[in-house]
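Below are the chains, spelled out letter by letter.
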Amino acid sequence: MKSLVLVFCLAQLWGCHAAPPNLGSGYRALDCDDPESEQAALVAMDYLNKNLFRGYKHTLNQIDKVKVWPRRPMGEVFEMEIDTLETTCHALDPTPVANCSVRSLAEHAVEGDCDFHVLKQGGQFTVLSAKCDSSPDSAEDLQKVCPDCPLLAPLNNTKVVRAVEAALTAFNTQTNGSYFQLVEVSRAQLAYLTRTTYVEFAIAATDCVAKEVTDPAKCNLLAEKQQYGFCKGSLTEKGPLNENEKVAVTCTVFLTQPQPDNSPVATPPANLPEAPAVLGPLLVAAPPLPVPVNRAHYDLRHTFTGGASVESASGEVGKAPKVAQPSVAVAAGPVVHSCPGRIRHFKI
């Protein structure tokens, strides 16, 4: 008798975790490479990139899992696990992610893992919740591909900070336009053999003219239409191979664009506004999640903080009927579906 009670309790526990809240108990399994899966994934990726204000845009690499749950009173919710890869386009770069290059393995690639709930209703997809994290390729794996390639360095490394300061000063000295301030240090690599520090950083225009600045502290960021830029620089120290210190920098200034409410330059970098979490179709403010100081990249886990729910503001709690469709499996069915899906670039 005790055994039967134990089995019953375990069955009830499994049932509690099998379906997201407020959705029917039966899902249909969809191929990860099905056009409908890919459409939902691309909407999810667009949502991710629109909520990024630090680091770099990400692109879809692989769809790992898809479950499609019926939702009351109408529509379906796609529960998805997606792998992403970091691109070379900064989050503030207006370039469409489809036109951005994926960062190669030799450049110390970064992979993201995301869980999304995407509502399909009336033929339209809407992201209900998102949770992501990301991590760089291991140093050991990178050195197998490229033994001499520089490794990612902590963004607060003293060599990195000095290289960014030198590169930004060099850019402001060369420009005839606005004086630019630092928004963030986005990426850094150390090449020990050549004693070179490579840096990438985002900048924003101020109301000062670069050639006339005597006190940068008196320069203010533009209030209405902010102009951003992105720079790549390097600082090579004096050494056996270099007689003099060398600074190099190239910057791309983006077209003037309206400043978003949660722009990363609206307040000092240490007090960036927290990203919103999604509760059904309603946005709610999430508690800020501390960003580690000694980091080498901007982890996607800091993009969506706090809890999220797939419950719609008008959703109804209840059990939706299982409807078996041709070539589609329900939860208890034996039909095998093709997941994970194809790899679009490479696997870390």
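See the structure shown above.
Here is what the cut-offs are and how they apply
- Residues numbered from 1 in each chain as written.
- Predicted model: local features only at pLDDT ≥ 70, side-chain atom pairs only at ≥ 80, totals over all residues.
- Heavy atoms only, no water.
- Buried < 20%, exposed > 50% of the residue type's maximum accessible area, 1.4 Å probe, protein only.
- Helix = DSSP H or I, 4+ residues; strand = E, 2+ residues; numbered from the N terminus.
- Pairing = 2+ DSSP bridges.
- Disulfide = S-S within 2.5 Å.
- Contact = heavy atoms within 4.5 Å.
- Axes fitted to C-alpha atoms, helices over the stretch in contact; angles between N-to-C directions.

Q: Now, about the pairing of strand β10 (residues 228-236): what can you tell me, with residues and values included?
A: Along β10, eight of the nine residues are buried, which leaves the element largely enclosed by surrounding structure. Note: strand β8 (residues 196-209) against β10, nine bridges, orientation antiparallel. Within β10, the residue paired with F201 across the bridge is C231. Summarising the sheet, β10 and strand β11 (residues 246-253) pair through eight bridges and their orientation is antiparallel.

Q: Before we move on, could you go through the state of the cysteines and cite the residues and values that matter?
A: The final tally for this structure, using the stated rule, is six disulfides. Across the disulfide from C114 sits C132; the S-S distance is 2.2 Å. On the S-S bond that ties C114 to C132, the torsion sits near 115°, and the link is right-handed. With C114 in strand β4 (residues 110-121) and C132 in strand β5 (residues 124-136), the pair connects residues that are 18 residues apart, well separated along the chain.

Q: Hey, could you go over the pairing of β4 for me, with residue numbers and the actual values?
A: When strand β3 (residues 76-90) meets β4, the two strands line up antiparallel, connected through 10 bridges. Bridge pairing links E81 to D115 in β4. Of the pairings in the sheet, the one linking β4 to β5 comprises 12 bridges and is antiparallel in character. Note on β5: the bridge partner recorded for L119 is T126. From the end of β4 to the start of β5, which pair antiparallel, there are two residues, and G122 there has a positive phi angle of about 60°.

Q: Residues and numbers for the sheet that holds β5, please.
A: One open sheet accounts for five strands, arranged β1-β2-β3-β4-β5; its pairing is antiparallel. In this open sheet, the two strands that pair with only one neighbour each are β1 (28-29) and β5. Contacts between helix α2 (residues 35-50) and the sheet are confined to β1, β2 (56-70), β3, β4 and β5, with β2 contributing the most and set at about 130° to the helix.

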